[in-house]
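Structural description and commentary
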Amino acid sequence: NAGYVTLGEDIVYAFNYAVQDGGAIYLSETTDITISGWFMGNSAGESGGSVVLNKATTATINAVFTNYDGWYGANTFYPEQQIFDDNNAKYGGAIFISAKTDSHNASNATITGGAFYGIKSSVAGGAITNLGICTIRNAEFVKCSANVGGAIANAVSSLTVSAKLCISGLTI
């Protein structure tokens, strides 16, 4: 994909699986993407249980991520936010943001508002693994877990966080 993409808030992405990356959405070399909707029960074998931003992808995400048991209720819909229920992967239980390579700039994500509830990763970044550029504003991280970085794993990259609430960002 190249160019401007908008994924609307009325879309439901449920129970999708990718053997490797991006359980629901895998974006590569995409700019000016806005992601809205409800993500429930998505998973990936490696990275980005719901979303992978790869090869200089630039995205704006307004998100609420919850575990499938529905920490806020599995049937609750937040019309102005994105909902992620029970998403998981080895790296970035909900979102994976790729690093700069020799041929591509780092991916860039701006996550505004929303929350991450009970999201899990088996290796790093319970909710988010950031290897690129990530700005998080007014978000909540509650009961997220991973071996490294219970809520966020950030490695040799740019990360700015303005969180409203962090409770039990658990590193196992």
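Residues numbered from 1 in each chain as written. Predicted model: local features only at pLDDT ≥ 70, side-chain atom pairs only at ≥ 80, totals over all residues. Heavy atoms only, no water.

This next bit is on the confidence of the model for the protein chain. Looking at the protein chain, pLDDT values average 76 and 75% of them are 70 or higher. When the elements of the protein chain are averaged for pLDDT, strand β20 (residues 170–171) gives the smallest value, 46, and strand β18 (residues 152–154) the largest, 93. Taken together, the stretch residues 68–81 has pLDDT below 50 and engages in 26 contacts with residues farther than four places along the chain or on a different chain. (pLDDT = per-residue confidence, 0-100. Helix = DSSP H or I, 4+ residues; strand = E, 2+ residues; numbered from the N terminus. Contact = heavy atoms within 4.5 Å.)

Attention now moves to the sheet that holds strand β15 (residues 128–130). Taken in spatial order, the five strands of this open sheet run β4-β8-β12-β15-β18, and their pairing is parallel. Only two strands of the sheet have a single neighbouring strand rather than two, namely β4 (25–28) and β18. For this sheet the average axis-to-axis angle between neighbouring strands, irrespective of direction, equals 5 degrees. Bridging between β4 and strand β8 (residues 51–54) involves four bridges; their strand directions are parallel. Within β8, the position partnered with serine 28 by the bridge is asparagine 54. (Pairing = 2+ DSSP bridges. Axes fitted to C-alpha atoms, helices over the stretch in contact; angles between N-to-C directions.)

The next thing to look at is the pattern of salt bridges. With the rule as written, the count across this model stands at one salt bridge. Of the charged contacts, one joins glutamate 46 and lysine 90 as a salt bridge, the two residues approaching to 3.2 Å between their closest N and O atoms. You can see glutamate 46 sitting in the loop between β7 (43–44) and β8 and its partner lysine 90 sitting in strand β11 (residues 88–91), a full 44 residues away along the chain. Look at lysine 90 and you get partly exposed, because its relative accessible area is 34%. (Salt bridge = Lys/Arg side-chain N within 4 Å of Asp/Glu carboxyl O. Buried < 20%, exposed > 50% of the residue type's maximum accessible area, 1.4 Å probe, protein only.)

So, about unusual backbone geometry. In this structure, lysine 55 is a non-glycine residue whose phi angle is positive, near 50 degrees. For lysine 55, a relative accessible area of 33% translates into the label partly exposed. At alanine 56, a position not held by glycine, the phi torsion is positive, near 65 degrees. Assignment of secondary structure puts alanine 56 in the loop between β8 and β9 (58–66).

Another point: the nonpolar core. Ranked by size, the top nonpolar core spans 26 residues in total, and within it Ile35, Ile111, Phe116, Ile128 and Phe141 carry the most contacts. Going through the elements one at a time, β4, β5 (33–35), β8, β9, β12 (95–97), β13 (108–117) and β16 (133–142) are the ones with two or more residues in this core. Sorting elements by how many residues they give to this core places β16 first, with four residues. Sequence-distant contacts of isoleucine 111, defined by excluding residues within four places in its chain, comprise Ile61, Ile95, Phe116, Ile128, Cys134, Thr135, Ile136 and Arg137. (Core = buried A, V, L, I, M, F, W, Y, C linked by side-chain atoms within 4.5 Å.)

Residue placement: isoleucine 35 occurs in strand β5. Judged by its relative accessible area of 1%, isoleucine 35 is buried. Here the alpha-carbon distance between isoleucine 35 and isoleucine 11, two residues 24 residues apart in the chain, equals 9.9 Å.

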